[in-house]
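Chain and residue survey
So the chains spell out like this:
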Amino acid sequence: MRFFSGSIGTWLRAGFVLWLILMAGCATPAPPATPTPALRHMVFMAGYKPQANLPFVGVYVAKEKGYFAAEGLDVEIQHSTGRGEHLQLLMAGGVQVTTQDAAVLLQRRADPGLPLVSIALIGQRGQQAFAALKSSGMRTPKDWEGKKVGYKGTPPPDLFAIMEAAGVDRNRVELVNVGFDPRVLVQGLVDVYPLFKSNEPYLLQQMGYELVIWDAADYGVPTLGLTYVTSEEQIRQDPDLLVRFLRAALKGIEDARANPEEAVDIVLRYAPQADRGHMRFMLETELKDAESEVTRAHGLGWQTREQWEALYEVLRRYNAITKPVEIERVFTNELLQKARGR
């Protein structure tokens, strides 16, 4: 009986093992894992050092919050020294998108004829203005007569346009070439100082000085600010990459508008030595200048032929441009439309 019982147990165990093997053979195999598509590498070069210029912020936020990765992009962020290498690298294909002031874009388009294209106009008003100490008693540009008015490098068209709009006698204004240190204003070396609205006002206020600021746009002078810029060749070769870049970067700007403190936190990862208050001031100032009747009608970054033509005419009038420019080739809204799914 023990032999018979043991034989049955052996056969039962063997049969169970065989059943497991057969069932395993009938099981549906798991599908192979789908490989994650590789992110496409591209280079964005900001036109200046790390700071809270709004187009820079849009890219910083998009990078840190994964918006570029969601678009299938691996965006390498670089920064220019401000000496023009960002445009040189763009033309050479080493950079796919950079930033540039609209007036300078037009000037470089005219001479030496760089095929630059604005794909989004972030600064709907110009970056620069002129300031005097409030204690000077100066209130209007007419008060510039008999005073020293500073400029950086070469006198900008904005300066002459303000004087003309305000009826200033240019022969009674002494123009002085100044550097980038706003202390020349408080030291009395000039009476009026040229500044970037999102930068030097904060520095001077931190020194304890109140300012009177004159913005050319307030006198009816057409001005435009920073743009996202690419090349005609890049648009021809790979417009889809630019569409995806814009979609993510503009989302980054909208995030910065909704949560500026978080955006400043992100900026400080790229500019760890920067003053937080300064970066917040810069961001808030440029967020205001990113709005206009055009953007209220069409959305962030939109640009019109009328805007570019008006700026071009100001530059021509004051000899900042002496060669013709085909305005229809200076900008495009097509990529922005695609980024928004229009």
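Report on the accompanying structure. (Residues numbered from 1 in each chain as written. Predicted model: local features only at pLDDT ≥ 70, side-chain atom pairs only at ≥ 80, totals over all residues. Heavy atoms only, no water.)

**A short note on the overall build of the chain**
Defined as follows: A run of H or I in DSSP becomes a helix once it reaches four residues, and a run of E becomes a strand once it reaches two; helices and strands are each numbered from the N terminus. For each residue, the accessible area found with a 1.4 Å probe, counting protein chains only, is set against the maximum for its type, and the residue is called buried under 20%, exposed over 50%, and partly exposed in between. Contact definition: two residues touch when any of their heavy atoms are within 4.5 Å. Here the accessible surface of atoms and residues is derived via Shrake-Rupley with a 1.4 Å probe, and residues count as covered only by protein chains that are part of the display.
Within the chain one finds 15 helices and ten strands. For the chain, the proportion of its 342 residues judged to be buried stands at 49%. Restricting to contacts in the chain with at least 6 residues of sequence separation, those with at least 24 account for 78%. When the accessible surface of the chain is split by element, carbon and sulfur atoms take 53% of a total near 17,200 Å².

**Quick look at the nonpolar core**
Convention followed: Residues enter a nonpolar core if they are buried and are Ala, Val, Leu, Ile, Met, Phe, Trp, Tyr or Cys, with the set joined through side-chain atoms within 4.5 Å.
Within the largest apolar cluster, 47 residues are counted, with the highest numbers of intra-cluster contacts made by Phe44, Phe68, Tyr228, Phe245, Leu246 and Leu283. Counting residues per element, this core draws most heavily on helix 10 (residues 239–258), at ten residues. Each residue touching Phe44, except ones within four places of it in the same chain, is listed here: Pro55, Val59, Val75, Glu76, Ile77, Gln78, Val97, Thr98, Thr99, Tyr228 and Phe245. If you look at the next biggest cluster of nonpolar residues, it comprises 24 residues, including Met45, Ala102, Leu224 and Val330.

**So, the sheet that holds strand 1 (residues 40–46)**
Operational definition: Pairing between two strands is assigned when DSSP locates at least 2 bridges connecting them. Here the axes come from fitting lines to C-alpha atoms, over the contacting stretch only for helices, and the angles between their N-to-C directions go from 0 to 180 degrees.
Overall, mixed pairing links the five strands, which are arranged 2-1-3-10-4 in an open sheet. The open sheet has two edge strands, strand 2 (73–79) and strand 4 (116–121), and neither has a second partner. Looking at each pair of strands side by side, their axes are set apart by 35° on average, direction ignored. Sheet topology note: the strand 3 (residues 97–101)/strand 10 (residues 226–231) ladder contains four bridges and is antiparallel. Across the sheet, residue Gln100 finds its bridge partner in strand 10, namely Thr227. Set on the sheet, helix 4 (residues 85–92) makes contact with strand 1, strand 3, strand 4 and strand 10; between it and strand 3 the angle comes to about 140°.

**Structural notes on the sheet that holds strand 9 (residues 211–214)**
Pairing is antiparallel in the open sheet, where three strands are placed in the order 8-5-9. At either end of the open sheet lies a strand with only one pairing partner, and these are strand 8 (193–196) and strand 9. Within the sheet, the average angular offset between the axes of one strand and its neighbour, ignoring direction, is 40°. Relative to strand 8, strand 5 (residues 128–133) runs antiparallel, the two sharing four bridges. Residue pairing for strand 8: Gln128 is matched across the bridge by Phe196.

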